[in-house]
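Architecture and fold: a report
Residue strings, one per chain:
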Amino acid sequence: MFNLNNIIRPNVLKMKAYSSARDEYKGDASIFLDANENSLGSLAGENYHRYPDPHQKQLKRKIAEIKGINPAQIFLGNGSDEAIDLLFRMVCRPGQDKMLHLPPTYGMYEVSANLNEVTMEAVQLTPKFQIPVAEVLASITPETKLIFVCSPNNPTGSLIEIESIETLLRSFEGLVVVDEAYADFSESPSWTARLAEFPNLVVLQTFSKAWGMAGLRLGLAFASEEIISVLDKIKPPYNINEATQQLALQALEHTEALRDMVEEIKQERELLLHALPALAQVEKVYPSDANFILIKVKDADGLYNYLLSKRIVVRNRSTVPGCAGCIRITVGTLEENQQLLQAISEYKTQD
Ligand SMILES: Cc1ncc(COP(=O)(O)O)c(C=O)c1O
């Protein structure tokens with residue numbers, strides 16, 4: 001049986017959160033001389049001389065409304081990368097505990113594991129980029145505290161089978177983190193709908209992809225109220241800055257425009273999925289549920305450099321185990337995609 005208190009690090013369980021000046025006073029004052037801010041104002045603009053709301057109440061209320069989730073089950077991070085790091089710090093004792101991930105996948109799970117001195121168990125995805133469930137279950141030890149599943153997966157674009165994730169959630173007594181950074185581009189329902197069923201489920205999402213706010217740094221974690229309260233306790237108090245909170249609140253008023261943008265990106269993705277296989281350089285085009293496409297080409301390094309010479313940057317993934325010969329292409333604008341296709345068609349392998 002999953003018991004959160006069994007996996008939280010003892011120091012985290014014991015510690016108290018930083019109590020900010022604004023936490024200690026809840027009334028309706030007009031003179032604030034409690035936080036050593038600049039009382040004269042800010043050269044950056046109105047409101048920026050004040051620390052932001054450490055609990056992001058307004059923003060969480062709005063997100064809760066849009067997603068149909070209780071605000072107490074939402075954590076906001078400085079990008080989902082911050083949530084990834086805090087999950088390590090919450091449950092993994094440095095030098096003792098382990099995490100398991102499923103390469104080829106998003107690189108920050110490994111970076112955060114290394115930073116936090118957490119041993120990493122890597123179980124390679126199958127050739128169809130799915131989870132070899134039996135192998136994962138056999139690799140779990142009492143020290144394994146976190147399993148990262150990225151779906152749709154970066155860099156493969158594959159959606160991970162629901163049953164595999166369910167099996168992990170039922171069999172594993174640590175946290176299963178389902179990273180849905182690209183879920184807006186997929187038809188599959190979000191795992192947030194299953195939170196009540198699985199107390200060990202953490203779902204990550206981000207405003208960096210479909211919402212087009214990568215520069216603002218705003219990521220989300222959804223989980224039980226208990227898990228979220230621990231993440232809130234250990235986060236830096238003012239991790240979401242005022243500009244981000246304000247701009248995100250504005251953007252969240254435009255969910256219809258978001259839908260239109262996502263539809264346009266999906267249409268462009270379909271055009272690319274259709275056009276890429278016809279190019280001589282391209283050996284394989286993997287299906288994609290994300291806003292990027294993984295392709296296997298005859299000469300990944302040569303093509304990558306050729307595209308650079310045409311001032312087009314793609315992601316060369318050819319040295320990543322499981323992705324030999326592969327390049328990952330973000331879906332661009334209509335014009336960008338046309339230029340990309342043109343450039344790939346012009347490239348000739350140098351013999
Ligand atoms: C799978 C996945 N998760 C998380 C992130 C990081 O998102 P954020 O910008 O919210 O830190 C990325 C960014 O590329 C990603 O590909």
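Residues numbered from 1 in each chain as written. Predicted model: local features only at pLDDT ≥ 70, side-chain atom pairs only at ≥ 80, totals over all residues. Heavy atoms only, no water.

Structural notes on the overall build of the protein chain
- A tally of helices and strands in the protein chain yields 13 helices and 11 strands.
- Relative to the globule expectation of 20 Å for 351 residues, the C-alpha radius of gyration of the protein chain, 22 Å, shows essentially globular dimensions.
- Along the first, second and third principal axes, the C-alpha atoms of the protein chain reach 70 × 50 × 35 Å.
- Sequence-distant contacts in the protein chain: of pairs separated by 6 or more residues, those separated by 24 or more amount to 68%. (Helix = DSSP H or I, 4+ residues; strand = E, 2+ residues; numbered from the N terminus. Rg over C-alpha atoms; globule rule 2.2 N^0.38 Å. Contact = heavy atoms within 4.5 Å.)

Description of the site of the ligand
- Near the ligand you find 13 residues, and of these Ser80, Asp179, Tyr182, Thr206 and Ser208 are the closest.
- Interatomic distance of 2.8 Å between a side-chain N/O atom of Asn154 and an oxygen atom of the ligand.
- Here a nitrogen atom of the ligand and a side-chain polar atom of Asp179 are 2.6 Å apart. (Near = heavy atom within 4 Å. Polar contact = N/O pair within 3.5 Å; in protein donor to acceptor, adjacent residues only side chain to side chain.)

Some details on the packing of helix α5 (residues 80-91) against helix α9 (residues 225-234)
- Taken N-terminus to C-terminus, the directions of α5 and α9 make an angle of 100°; their axes are 10 Å apart at the nearest point. Between α5 and α9, the angle falls in the class roughly perpendicular. Along the contact surface, α5 presents Leu86, Leu87, Arg89 and Met90, while α9 presents Ile227, Val230, Leu231 and Ile234.
- Residues of the contact of α5 with α9, tallied by class, amount to 7 nonpolar, no polar and 1 charged. (Axes fitted to C-alpha atoms, helices over the stretch in contact; angles between N-to-C directions. Parallel < 35°, antiparallel > 145°, perpendicular 65-115°, else oblique. Nonpolar A, V, L, I, M, F, W, Y, C, P; charged D, E, K, R; others polar.)

A short note on the nonpolar core
- Within the largest apolar cluster, 51 residues are counted, with the highest numbers of intra-cluster contacts made by Ile131 and Val149.
- Counting contributing residues, this core receives three or more from each of domain 1 (4-18 + 54-253) and domain 2 (256-346).
- In this view, Ile131 contacts Leu102, Leu125, Thr126, Val136, Val149, Ile160, Ser164, Ile165 and Leu168; residues no more than four positions away in its chain are not counted.
- Ranked by size, the runner-up nonpolar core spans 32 residues in total, among them Val12, Ala83, Val118 and Val230. (Core = buried A, V, L, I, M, F, W, Y, C linked by side-chain atoms within 4.5 Å. Buried < 20%, exposed > 50% of the residue type's maximum accessible area, 1.4 Å probe, protein only. Domains from an automatic or database assignment.)

Overview of empty space enclosed by the protein
- Counted under the stated rule, the structure contains 2 cavities of 30 Å³ or more.
- Volume-wise, the largest cavity comes out at about 70 Å³.
- Around the largest cavity, the lining residues are Ser151, Pro152, Leu159, Ile160, Ile162, Glu180, Ala183, Ser186, Ser188, Pro189 and Trp191.
- Of the residues that constitute the lining of the largest cavity, the class distribution is 7 nonpolar, 3 polar and 1 charged.
- Empty space within the second largest cavity amounts to approximately 40 Å³.
- Around the second largest cavity, the lining residues are Leu102, Thr105, Leu125, Ile131, Phe148, Val149, Cys150, Asn153 and Ile160. (1 Å grid on protein atoms, 1.4 Å probe; cavity = no way out; pocket = protein on both sides within 12 Å on 5 of 7 lines; lining within 4 Å. Points joined across faces, edges and corners; volume = space filled by probe spheres on them.)

So, the domain arrangement of the protein chain
- Under the domain assignment used here, the protein chain contains domain 1 (4-18 + 54-253) and domain 2 (256-346).
- Computed from C-alpha coordinates alone, the two centres of domain 1 and domain 2 are separated by 27 Å.
- With 17 residues of domain 1 in contact, the opposing surface of domain 2 contributes 20 residues.
- Between domain 1 and domain 2, the buried area comes to about 1600 Å², and carbon and sulfur atoms account for 63% of it. (Buried area = accessible area lost by both parts, 1.4 Å probe.)

Here's the deal with the layout of surface pockets
- A volume near 580 Å³ is recorded for the largest pocket.
- Considering the residues around the largest pocket, the lining is formed by 22 residues, among which Arg22, Pro52, Asp53, Pro54 and Lys57 are closest to the centre.
- Elements supplying a minimum of two residues to the lining of the largest pocket: α3 (21-24), α4 (57-67) and α10 (242-251).
- Class assignment for the residues of the lining of the largest pocket results in 7 nonpolar, 7 polar and 8 charged.
- Of the volumes computed, that of the second largest pocket is approximately 490 Å³.
- Looking at the second largest pocket, it is lined by 21 residues, and the ones nearest its centre are Lys67, Ala183, Asp184, Gln205 and Leu258.
- Contributing elements (two or more residues each) for the lining of the second largest pocket: α4, β6 (201-206) and α11 (255-275).

Some details on the pairing of strand β3 (residues 119-122)
- Where strand β2 (residues 98-101) and β3 come together, 4 bridges link them in parallel fashion. Of the residues in β3, the one forming a bridge with His101 is Ala122. (Pairing = 2+ DSSP bridges.)

What about the sheet that holds strand β10 (residues 315-316)?
- With antiparallel pairing, 4 strands are arranged side by side in an open sheet as β8-β9-β11-β10. Single-partner strands in this sheet number two, and they are β8 (282-285) and β10.
- This element, helix α12 (residues 300-309), spans β9 (292-297), β10 and β11 (326-330) of the sheet and lies at about 35° to β11.

Observations regarding the pattern of salt bridges
- In total, this model carries 17 salt bridges according to the counting rule given.
- Measuring nitrogen to oxygen at the nearest pair gives 2.8 Å for the salt bridge that ties Glu166 to Arg194. Of this pair, Glu166 sits in helix α8 (residues 162-171) while Arg194 is found in the loop between β5 (175-179) and β6, placing the two residues 28 residues apart along the sequence.
- Of the charged contacts, one joins Glu197 and Arg170 as a salt bridge, the two residues approaching to 4.0 Å between their closest N and O atoms. Placement of Glu197 in the loop between β5 and β6 and of Arg170 in helix α8 is noted, with a sequence separation of 27 residues between them.
- Given the relative accessible area of 42%, Glu197 is considered partly exposed. (Salt bridge = Lys/Arg side-chain N within 4 Å of Asp/Glu carboxyl O.)

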